[in-house]
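# Structure at a glance
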Amino acid sequence: MPPLKSVPGMRDLLPHALPTWRRLRGLAEDVAELRGYAPIETPILEPTELFSRAVGEGTDVVDKEMYTFTDAGGRSVTLRPEATASVTRAYFDAGLHQQPQPVRLYYWGPTFRYDRPQAGRYRQFFQFGVEAVGEADPGLDVEVIEMGRDWLDRGGVTGVSVELNSIGDATCRPAYREALREHFRPHIDAMGPVAQRRFELNPLRLLDSKDPAAEPVVSAAPSPVDFLCDACAEHYAAVKAGLDAVGVEYRENPRLVRGLDYYTRTAFEYWAEDLQGAQNALGGGGRYDGLAEVLGHPPTPAVGFAMGVDRAVLALERAGATVPAPPPQVYVIPAVVAARTRALDLAGALRRVGLRTVVGFGERSLKSHMRSAQKSGAPCVVIIGAQELAQGTAAVRDMVKGEQTEVNIELAVVAAAVVVERARLGS
Ligand code: AMP
């Protein structure tokens, strides 16, 4: 029987990578809570209709990329392909709309899309996201954009540009949509079925085209900012002024449209300059003042972002800026079988004073034990051999200095702690 493998596109996050993930998660909590955002966790499985309505038929996510199945009760359910719809559903389900507004929320968790796997694109990936729901003030757009930038900065992800655009709202978007159709109409027959479908359903997405042959037509397309109504133009100007005030540099990008239908006004992405091709978006977001109504609730303005954690980690790996796994501080070797219980006992005492301690089990030569101890990276090794066992002592070895002292077993914790501290201070 061939050995079993994971589902294609779904990865194991391994011990060497997870310290970087955990650091990014800690920083996510920091940047969110510093701005008054509270954590929320929504179910990974939601009614399929939540996404087909919120994300919208005609988008790649809904048409091709959802993990949808029928559960034992005959309901159609879907592994979440994004979390904004879930957070908005939860906001109303839990009555958060009756609290003082806006409600500031953040989340971190797995997201699922059935897309073609490649570096930086997985079928299970993690998103850190924030949503500020219940307020239309452009200050919130600024707060959210600046927070994403802060997370990347603190995480050490460098070479990032903030791409910014405004795609209008229900008042001005229809005119822009029509202008786009006018622009693309003479070319659409030559552009293939995907573009033709976008032309019908959502011509804004034609600006997203990856087809090099379409590039000249796409770059000559009208810009959404030229079609903004007064209210949207004012909002956009306020967002830009706010970003200037808080010192976030951005690049106005008239081609930036969000793949999801409920976005209004502000659209932004964080691009990593050194991640290649389509996988260079580290995250993105925008305003989605139209989503609540799509889900059957009263109109409710909101703004948020979703950052791709996998891609942030990838950027750090490429820059050689990952976080190493912490080595044990003490490695205890029961050099004879009879020393096992004493080694366990000592390890317990070391852990009680907070030292990361590993016991080298297994009947092996002292040399082989020492090789493992060396590889573990522990600055202190404590050896209990036959002689130590008989005398009630332990050999405490400073791996940095290569010095070893025999101490009474009662003093082994203190002696080990001194060695660990000396190594930490580099003295
Ligand atoms: P989106 O909701 O498509 O804007 O996604 C937000 C962010 O999630 C993107 O900017 C990516 O960083 C990340 N992302 C989206 N799809 C994937 C994927 N298949 N694999 C890894 N990261 C992804």
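You'll find the structure just up there.
A brief look at the structure comes next. (Residues numbered from 1 in each chain as written. Predicted model: local features only at pLDDT ≥ 70, side-chain atom pairs only at ≥ 80, totals over all residues. Heavy atoms only, no water.)

Looking now at the sheet that holds strand 11 (residues 302-308). Strand order in the open sheet made by the eight strands is 1-5-6-11-10-9-7-8, with mixed pairing throughout. Edge positions in the open sheet fall to strand 1 (38-39) and strand 8 (251-252), since each of these has one partner strand only. Two elements, strand 6 (residues 124-133) and strand 11, share seven bridges in a ladder whose sense is antiparallel. Residue pairing in the sheet places Glu-131 in a bridge with Gly-304 of strand 11. In this fold helix 1 (residues 18-34) packs onto strand 1, strand 5 (103-112) and strand 6, with an angle of close to 160 degrees to the strand it touches most, strand 5. Across the sheet, helix 9 (residues 230-246) lies against strand 7 (160-166), strand 8, strand 9 (264-272) and strand 10 (281-287), angled at about 160 degrees from strand 7, the strand it touches most. (Pairing = 2+ DSSP bridges. Helix = DSSP H or I, 4+ residues; strand = E, 2+ residues; numbered from the N terminus. Contact = heavy atoms within 4.5 Å. Axes fitted to C-alpha atoms, helices over the stretch in contact; angles between N-to-C directions.)

Attention now moves to the layout of surface pockets. Its volume calculated, the second largest pocket comes out at about 150 Å³. The wall of the second largest pocket is formed by Asp-169, Ala-170, Arg-173, Arg-177, Thr-264, Arg-265 and Asp-289. For the lining of the second largest pocket, the secondary-structure elements that each account for two or more residues are helix 6 (173-184) and strand 9. Tallied by class, the residues present in the lining of the second largest pocket amount to one nonpolar, one polar and five charged. (1 Å grid on protein atoms, 1.4 Å probe; cavity = no way out; pocket = protein on both sides within 12 Å on 5 of 7 lines; lining within 4 Å. Points joined across faces, edges and corners; volume = space filled by probe spheres on them. Nonpolar A, V, L, I, M, F, W, Y, C, P; charged D, E, K, R; others polar.)

The subject of this paragraph is the pattern of salt bridges. Tallied over the full model, the rule gives 21 salt bridges. Across the pair Arg-287 and Asp-289 runs a salt bridge, and its minimum N-O distance is 2.8 Å. The exposure classification of Arg-287 matches that of Asp-289, with both residues buried. (Salt bridge = Lys/Arg side-chain N within 4 Å of Asp/Glu carboxyl O. Buried < 20%, exposed > 50% of the residue type's maximum accessible area, 1.4 Å probe, protein only.)

Okay, the site of the ligand next. Arg-113, Tyr-122, Arg-258, Ala-281 and Leu-282 are the nearest of the 13 residues found near the ligand. Within the contact set of the ligand, an oxygen atom lies 2.9 Å away from a side-chain nitrogen or oxygen of Arg-113. Contact between the ligand and Leu-282: an oxygen atom at 3.1 Å from a main-chain N or O atom of the residue. Within the complex, the protein chains bury 88% of what would otherwise be the 490 Å² of accessible surface of the ligand. Sorting the residues of the shell around the ligand by element identifies strand 6, strand 10 and strand 11 as the ones contributing at least two each. Broken down by element, the shell around the ligand gets its largest block of residues, three residues, from strand 10. (Near = heavy atom within 4 Å. Polar contact = N/O pair within 3.5 Å; in protein donor to acceptor, adjacent residues only side chain to side chain. Areas by Shrake-Rupley, 256 points an atom, 1.4 Å probe, with all protein chains shown as cover.)

Within a regular strand, the side chains alternate between the two sheet faces. The element strand 5 is extensively covered by neighbouring structure, given that nine of its ten residues are classed as buried. Two strands pair when backbone bridges link them, and strand 5 and strand 6 are joined in this way by ten bridges, in the antiparallel orientation. Its bridge partner lying in strand 6, Phe-112 is registered against Gln-124.

Turning to its location among the elements, Arg-198 is positioned in helix 7 (residues 192-201). Leaving out residues up to four positions away in the same chain, Arg-198 has contacts with Asp-60, Pro-203, Arg-205, Leu-206, Asp-208 and Ser-209.

With seven of nine residues buried, helix 2 (residues 48-56) is to be regarded as a mostly interior element. Burial in helix 2 covers these residues: Thr-48, Leu-50, Phe-51, Ser-52, Ala-54, Val-55 and Gly-56. Buried positions along helix 2 lie against strand 2 (45-47), helix 3 (60-64), strand 3 (67-70), strand 4 (76-79), helix 4 (84-93) and helix 10 (291-294).

Okay, helix 12 (residues 340-352) next. Here helix 12 spans 18 Å end to end across 13 residues, near enough to the 18 Å set by a 1.5 Å rise per residue. Of the residues making up helix 12, those classed as buried are Ala-343, Leu-346, Ala-347, Gly-348 and Leu-350. Here the buried face of helix 12 lies against strand 12 (330-334), strand 13 (357-359), strand 14 (380-384) and helix 15 (412-425). (Expected span 1.5 Å × (residues − 1).)

A complete count under the given rule lists one cavity of 30 Å³ or more for this structure. Estimated volume of the largest cavity: approximately 30 Å³. Ile-167, Gly-168, Cys-172, Arg-173, Tyr-176, Pro-224, Phe-227 and Leu-228 together form the lining of the largest cavity. When the residues that make up the lining of the largest cavity are grouped by side-chain class, the tally is six nonpolar, one polar and one charged.

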